[in-house]
Amino acid sequence: MRTIEAEGARVERRRSAVVEIRKHLAGLYRSFVWWASLYGEVEDHYEKERREQVVRLLDELSNQYLPRSVWLTEDSRTKVENFVRRSEELCSEFSAEIEDKGYPRVKRSMERRVSKKLRPLKTEAEAGLEAELVESRRPGWRERLRK
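Residues numbered from 1 in each chain as written. Predicted model: local features only at pLDDT ≥ 70, side-chain atom pairs only at ≥ 80, totals over all residues. Heavy atoms only, no water.

Student: So what exactly am I meant to see when it comes to the pattern of salt bridges here?
Tutor: When their charged atoms lie close together, side chains carrying opposite charge are able to pair. Counted according to the given criterion, the structure contains 15 salt bridges. The salt bridge involving Glu-132 is made with Arg-14; its shortest N-O contact spans 2.5 Å. Separated by 118 residues along the polypeptide, Glu-132 in helix α4 (residues 103–137) and Arg-14 in helix α1 (residues 2–36) bring together distant segments of the chain. By relative accessible area, which is 2% here, Glu-132 ends up buried. Each of Arg-86, Glu-89, Glu-93, Glu-97 and Arg-113 takes part in a single network of salt bridges with overlapping partners. (Salt bridge = Lys/Arg side-chain N within 4 Å of Asp/Glu carboxyl O. Helix = DSSP H or I, 4+ residues; strand = E, 2+ residues; numbered from the N terminus. Buried < 20%, exposed > 50% of the residue type's maximum accessible area, 1.4 Å probe, protein only.)

Student: What's the story with helix α3 (residues 74–101) in this structure? I'm lost.
Tutor: The periodicity of an α-helix, 3.6 residues per turn, causes residues three or four positions apart to be oriented the same way. Its 28 residues give α3 an end-to-end C-alpha distance of 40 Å, which sits within 8% of 40 Å, the value for a rise of 1.5 Å per residue. What α3 keeps buried is the set Ser-76, Lys-79, Val-80, Phe-83, Val-84, Arg-86, Ser-87, Leu-90, Cys-91, Phe-94, Ser-95 and Ile-98. One or two steps after α3, the chain reaches Gly-102, where phi turns positive at roughly 95°. (Expected span 1.5 Å × (residues − 1).)

It is worth stressing that arrangement in space is one thing and function is another; only the former is reported here.
Spelled out as C-alpha cells, the structure:
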C-alpha cells in the first residue's frame with residue numbers, strides 16, 4: 001500500500017513541476033511578445049517597464065526551474081533549457097540594440113526574432129512538457145502487472 005501511495009505522490013510532484021514550468025514559460029514568452037509590440041509613439045518608461053518585466057520573469061524561471069527540473073526527463077530538460085538560454089540571449093541582444101539605436105528602430109526586428117527564434121523553442125518545450133504529463137498519467141509498472 002505504501003508503494004502505491006509513494007508512487008502517487010511522485011506522480012503528483014512531477015505533474016505539479018510540469019504545470020509550474022509551463023506557466024513560467026508561457027508568461028516569459030508573452031512578456032517578450034508584449035515588449036516587442038508597443039504601438040504608436042513609445043515613451044521610454046513603457047519600453048523599460050516591459051524590458052524589466054522580461055528580465056524579472058527570466059530570473060523567476062531560472063530560480064523556479066532548477067528545483068523542479070529533477071522531475072523531468074532529460075529530453076524535456078534540454079528543450080526547456082534551450083528556450084531559457086535563447087530567451088536570455090535575445091533579452092541581452094534587444095537591450096543592447098535598444099540602447100544603441102533606440103526602441104522604434106529595433107522594434108520590428110524584435111518582433112521577427114521573437115516569432116522566428118523563440119516561438120519554435122517555446123512550442124518544442126511545451127510539447128516535451130505535455131509528453132511529461134501524458135507519461136505521468138500512465139499507470140506505473142506495478143499497476144500494469146496487477147491487471
